[in-house]
Amino acid sequence: MGVTIYHNPACGTSRNTLEMIRAAGIEPDVIEYLKTPPSRDELARIINDAGLTARQAIREKGTPFAELGLDDPNLTDDQLIDAMLKDPILINRPFVVTPFGTKLARPSEAVLDILPDAFKRAFFKEDGEQVLDEEGKRIV
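Presented here is a report on the structure given in the accompanying data block.

Basis of the calculations
Residues numbered from 1 in each chain as written. Predicted model: local features only at pLDDT ≥ 70, side-chain atom pairs only at ≥ 80, totals over all residues. Heavy atoms only, no water. Helix = DSSP H or I, 4+ residues; strand = E, 2+ residues; numbered from the N terminus. Buried < 20%, exposed > 50% of the residue type's maximum accessible area, 1.4 Å probe, protein only. Contact = heavy atoms within 4.5 Å. Areas by Shrake-Rupley, 256 points an atom, 1.4 Å probe, with all protein chains shown as cover. Pairing = 2+ DSSP bridges. Axes fitted to C-alpha atoms, helices over the stretch in contact; angles between N-to-C directions. 1 Å grid on protein atoms, 1.4 Å probe; cavity = no way out; pocket = protein on both sides within 12 Å on 5 of 7 lines; lining within 4 Å. Points joined across faces, edges and corners; volume = space filled by probe spheres on them. Arc of directions from axis to C-beta. Lys, Arg positive; Asp, Glu negative; His and termini not counted. Salt bridge = Lys/Arg side-chain N within 4 Å of Asp/Glu carboxyl O.

Some points on the overall build of the chain
Then, number 1: Assigned secondary structure in the chain consists of 4 helices and 6 strands.
Then, number 2: If you list the helices and strands of the chain from N to C, you get β-α-β-α-α-α-β-β-β-β.
Then, number 3: When the backbone C-alpha atoms are referred to their principal axes, the chain occupies close to 50 × 30 × 25 Å.
Then, number 4: Buried residues in the chain amount to 44% of all 140 residues.
Then, number 5: For the chain, contacts bridging at least 24 residues in sequence account for 56% of all contacts bridging at least 6.
Then, number 6: Put simply, the chain shows about 7300 Å² of open surface, and 48% of that area lies on carbon and sulfur atoms.

Focus on the sheet that holds strand β3 (residues 95-98)
Then, number 1: The 4 strands are arranged β2-β1-β3-β4 in an open sheet whose pairing can be described as mixed. Every other strand in the sheet has two partners, leaving β2 (29-32) and β4 (101-104) as the edge strands with one partner each. The average angle at which neighbouring strand axes cross in this sheet is 15 degrees, direction not considered.
Then, number 2: Of the strands in this sheet, β1 (4-7), β2 and β3 touch helix α1 (residues 12-23), which is tilted by about 160 degrees from β1.
Then, number 3: Contacts from helix α2 (residues 40-49) reach β1, β3 and β4, with the element oriented near 80 degrees to β3.

What about empty space enclosed by the protein?
Then, number 1: All chains considered together, the criterion is met by 1 cavity of 30 Å³ or more.
Then, number 2: The volume enclosed by the largest cavity comes to roughly 40 Å³.
Then, number 3: Around the largest cavity sit Y6, Y33, P38, L43, I46, I91 and F95, which together line it.

Section: the environment of E135
Then, number 1: Tracing the backbone through its elements, the reader meets E135 in the segment after β6 (130-132).
Then, number 2: You can call E135 exposed: its relative accessible area is 59%.
Then, number 3: When the C-alpha atoms of E135 and A122 are compared, they prove to be 6.4 Å apart, with 13 residues separating the residues in sequence.
Then, number 4: Not counting residues up to four positions away in its chain, the partners in contact with E135 are F119, K120 and R121.

Observations concerning helix α4 (residues 77-86)
Then, number 1: Within the sequence span of α4, burial applies to L80, I81, A83 and M84. Burial along α4 is one-sided: seen end-on, the buried residues are contained in an arc of 155 degrees.
Then, number 2: Buried positions along α4 lie against α2 and α3 (54-57).

Re the environment of P107
Then, number 1: Within the secondary structure, P107 is located in the loop between β4 and β5 (123-124).
Then, number 2: On the accessibility criterion, P107 (46% relative accessible area) is partly exposed.
Then, number 3: C-alpha separation for the pair P107 and P94, spaced 13 residues apart in sequence, amounts to 9.5 Å.

Remarks on the side chain of R59
Then, number 1: Within the secondary structure, R59 sits in the loop between α3 and α4.
Then, number 2: Among buried charged residues, R59 stands out as having no salt bridge; its nearest opposite-charge side chain is E60, 9.8 Å away.

Shown next, in the form of structure tokens:
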């Protein structure tokens, strides 16, 4: 099954998402987008396929978002995508692409919506929060 994660290994949400994918028995294509940013077309497609606008896909926390004036409501999606391509830290993470859909996995367990129901055991996030019970069923 072809799964791609746009990953930042310094991000706990991204690490948790990657481990959930692996816990489903899937070894995804891991793209460290800070080192290898997507093309303009690819980024626009991922955002669109996730059902988001560029404004919803841009990361504010820990980025130069405010300093760059990206909070200006008059900026277009194209302008925001240009900013993300110029400074990839502005791309929110992690985006995950599977045959079942594309998702910005925030919170990390959102990735479960686009993975096959292949979990056979409990899953805990790095911080100890349990996401799946002992039978691999999602805890609501």
